[in-house]
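# Chain and residue survey
Spelled out from the first residue to the last, the chains are:
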Amino acid sequence: MEVKTANFEKVASPKATTVSGAEAVIKCLLEEGVETLYGYPGGAIMPVYDELYKYQNQIHHVLTRHEQGATHAAQGYARVTGKVGVAMATSGPGATNLVTGIADAQIDSTPMVCITGQVGSHLLGSDAFQETDIIGISTPITKWNYQITKAEEIPEILAKAFYIARSGRPGPVLIDITKDAQFDSLDFNYKKCCGIRSYKPIPEINLLQVERAAEAINNAKKPMIVFGQGVILGGAEDLFKEVVEKSGVPAAWTILGLSALPSTHPLNVGMVGMHGNYGPNVLTNECDVLIAIGMRFDDRVTGDLSKYAKQAQVIHFEIDPAEINKNVHADIPVLGNVKETLKVLLELIKPNKHEAWHQEFKDHYQVEYDKIIKNDLNAERGKIGMAEVIDEINTCSKGDAVIVSDVGQHQMVACRYSKFNKTRSNVTSGGLGTMGFALPAAIGAKMGTPNREVVAVIGDGGYQMTIQELGTIFQTKVPVKIVVLNNGFLGMVRQWQQLFFDKRYASTEMINPDFGTIAQGFHIKNRKVTERSNLKDAVKEMMESKESYFLEVVVEQEENVFPMVPSGASVSDIRLE
């Protein structure tokens, strides 16, 4: 067989193999280099699972205990590797159970491809058994979605799915495949997607804007960088470090930017946002040039927008044009992949040290240390403090572990006090704030980086939202370390109730089960710590274990996380108590 090009030259077409649509799905995954797949089988996706059985030596399928667990595991895998995470489920409830993880991946820019089965095309719209319009449901929370009704569509659509998921600002893609498309045959040819007309994932760099940014930085007296996950997603960590060191500009991070710059770097001045460090928050409203790199000015970072950095000239390095001027007006927007824009910037900026300006950050840190940090890390109160646990993990890991945190007080403490030497070390649910994220995400993270210790830090509330994934750990033998900080409350909500609702603890007290017994039921080593004198030894035992390990630490019930910018307040109004 021959095909003709536009100029009528004859070219031999690639040799095609006739396969079923279901087998074509697996072949597409192999072509995209997928090695690990998270999912849960069911009727509408069964043909694909039947074919997957034949390829089990080439693709490792991980049977999670809930479809939401599959998406979070795929997210954890993607976040530590930079590869596209893949999750698969059946139609109806299987598909809808993916929704939370998809929404989480969308707002946190995590590359993920979700594949769902669907009822036969002749049944679409008939309310057939386990039929749900997952395309309609997922449209607002995906970067792209598509329903395949013909087998011959599979190679091209899946190629597009992976390209869209990983390119530009990454995100989740959902592909829904009807059952008849899985059974029907096609001549299989696979061509990786390298571009789509009208889709331009990386904006062209405007060199004039980079020059303007460099001039503003060079002339600044009190410049400040706030960097986000865009530095990591762009693979620009080394360049970013060079820019910071050459310019001498103090650099603060969002929680998703954490680990892009080593924690011990002298120009790393800490976290911005609601529970960020005192200095970076207050000095945001005193800097003369604010350089935002790969971050989106989330409300938890900015507080009251009407009082946010109004005195500063704002430079915004960003890959997504939709983020420019969305929340904060950018005086100098710099579009493009930060790896490319920072490369240009590095050549244009002048060496500087800004010693007096740095001293202001150090002075503010000292205030925070005396008021908060010293007590958090060296508590003299009766019960163990959350930061003490994180500090012991730091001691054992020496900053080389991946920390996967859930959502709540412990998340803020983990981000504030964890120490990281390497990038892609902090995995957490940022924009959506998904309780239950950490346990399955840690499974994916450990599978993605098997040679690093992966520690899930979870509250007693979030832990019980996906506790069934202990079954996945038991079956796969993945050596994840799990730390539950048990304060018997939904801690973050309780803190707000204490501070803003006159201590009316409405529906936040937790009557918890015996977590150790549950872990034992899954044959996971476990230990419970109630006394400070046992903490160091318990963390050391957990970190040295070659197998999965569950550690429950009973912490102070009514401990609050400070500093804190009250909701709707200015970052200048940050509270130290």
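Residues numbered from 1 in each chain as written. Predicted model: local features only at pLDDT ≥ 70, side-chain atom pairs only at ≥ 80, totals over all residues. Heavy atoms only, no water.

The protein chain has the name Acetolactate synthase in an unreviewed UniProt entry, where Salegentibacter echinorum is given as its organism. Taken verbatim from the UniProt record of the protein chain, the Sequence similarities (unreviewed entry) comment is "Belongs to the TPP enzyme family." Turning to the protein chain, the UniProt annotation filed under Catalytic activity (unreviewed entry) states: "2 pyruvate + H(+) = (2S)-2-acetolactate + CO2". (UniProt positions renumbered as here; feature names shortened; annotations may be inferred.)

Moving on to the packing of aromatic side chains. We describe a pair of aromatic rings using the distance from one ring centre to the other and the angle between the two ring planes. This structure, assessed with the given rule, holds 13 aromatic pairs. On the basis of an interplanar angle of 75 degrees and a centroid distance of 5.7 Å, the ring pair of Trp-496 and Phe-500 is categorised as edge-to-face. In this pair, Trp-496 and Phe-500 both sit in helix α21 (residues 491-500), 4 residues apart, roughly one turn of the helix. Look at Trp-496 and you get partly exposed, because its relative accessible area is 22%. Three or more aromatic residues joined by ring pairs make a cluster, and in this case those are Tyr-463, Phe-515 and Phe-550. In this structure, Arg-494 is placed above the aromatic ring of Phe-489, and the distance from its NZ or CZ to the ring centre is 5.9 Å. (Phe/Tyr/Trp six-rings, centres within 6.5 Å; stacked < 30°, edge-to-face > 60°. Helix = DSSP H or I, 4+ residues; strand = E, 2+ residues; numbered from the N terminus. Buried < 20%, exposed > 50% of the residue type's maximum accessible area, 1.4 Å probe, protein only. Lys NZ or Arg CZ within 6 Å of the ring centre and 35° of its normal.)

Counting residues in each nonpolar core, the largest one holds 78 residues, and the members touching the most others are Phe-227, Phe-240, Ile-293, Ile-315, Phe-317 and Leu-345. Both domains that meet at this core, namely domain 2 (207-361) and domain 3 (383-554), each give it at least three residues. Other than its neighbours up to four places away in sequence, Phe-240 contacts Ile-225, Phe-227, Val-231, Ala-251, Leu-261, Ile-293 and Leu-342. Within the second largest apolar cluster, 46 residues are counted, among which are Ala-445, Val-484, Phe-515 and Phe-550. (Core = buried A, V, L, I, M, F, W, Y, C linked by side-chain atoms within 4.5 Å. Domains from an automatic or database assignment. Contact = heavy atoms within 4.5 Å.)

Let's shift gears to the sheet that holds strand β20 (residues 481-486). Reading across the sheet, the 6 strands line up as β18-β17-β19-β20-β22-β21 and stay open at both edges, with parallel pairing between neighbours. Each of the sheet's edge strands pairs with one partner strand only, and the pair in question is β18 (426-428) and β21 (525-529). Neighbour-to-neighbour, the strand axes of the sheet open up by a mean angle of 15 degrees, direction not taken into account. Alignment of strand β17 (residues 402-405) against strand β19 (residues 454-459), held across 4 bridges, turns out to be parallel. From the neighbouring strand, Ser-405 faces β19, where its bridge partner is Val-457. Along the sheet, helix α3 (residues 67-81) makes contact with β17 and β18, crossing β18 at roughly 155 degrees. Contacting β19, β20, β21 and β22 (549-554), helix α23 (residues 535-544) runs over the sheet at an angle of about 160 degrees to β22. (Pairing = 2+ DSSP bridges. Axes fitted to C-alpha atoms, helices over the stretch in contact; angles between N-to-C directions.)

Extensive coverage of β19 is indicated by the burial of 6 of its 6 residues. Residues Val-454, Ala-456 and Ile-458 of β19 are buried on one face, and the alternating residues Val-455, Val-457 and Gly-459, pointing to the opposite face, are buried as well. Of the pairings in the sheet, the one linking β19 to β20 comprises 5 bridges and is parallel in character. Considered in β20, the bridge of Gly-459 is made with Leu-485.

A large share of strand β6 (residues 85-89) lies buried, amounting to 5 of its 5 residues. Neither face of β6 is left uncovered, since the one carrying Gly-85, Ala-87 and Ala-89 and the one carrying Val-86 and Met-88 both have all their residues buried. Looking at chain direction, strand β4 (residues 36-39) and β6 are connected through 2 bridges and run parallel. Looking at the pairing, Tyr-38 lines up with Ala-87 of β6. As paired strands, β6 and strand β7 (residues 112-118) are joined by 5 bridges and run parallel to one another. Residue pairing in the sheet places Met-88 in a bridge with Ile-115 of β7.

Before going further, it helps to spend a moment on the confidence of the model for the protein chain. Summarising the model, the protein chain shows a mean pLDDT of 95, and 97% of its residues fall at 70 or more. In this model, residues 1-13 is a region of pLDDT below 50 whose contacts with residues beyond four sequence positions or in other chains number 10 contacts. (pLDDT = per-residue confidence, 0-100.)

Turning our eyes to something else, we now look at the packing of helix α9 (residues 207-219) against helix α14 (residues 338-348). The contact between α9 and α14 brings their axes to 9 Å, and the two run at 45 degrees. Our classification of the angle between α9 and α14 gives oblique. Relative to α14, α9 is oriented so that their crossing is right-handed. Contacts between α9 and α14 involve Leu-207, Val-210, Glu-211, Ala-213, Ala-214, Ile-217 and Asn-218 from the former and Thr-341, Val-344, Leu-345 and Leu-348 from the latter. Partitioned by chemical class, the residues of the contact of α9 with α14 number 8 nonpolar, 2 polar and 1 charged. (Parallel < 35°, antiparallel > 145°, perpendicular 65-115°, else oblique. Left-handed = near helix turned anticlockwise from the far one by under 90°. Nonpolar A, V, L, I, M, F, W, Y, C, P; charged D, E, K, R; others polar.)

Here, the residues flagged by UniProt with the feature "domain: Thiamine pyrophosphate enzyme central" (unreviewed entry) are residues 210-345. The span residues 210-345 is 32% helical and 20% strand by assignment, and the distance between its end C-alpha atoms comes to 6 Å.

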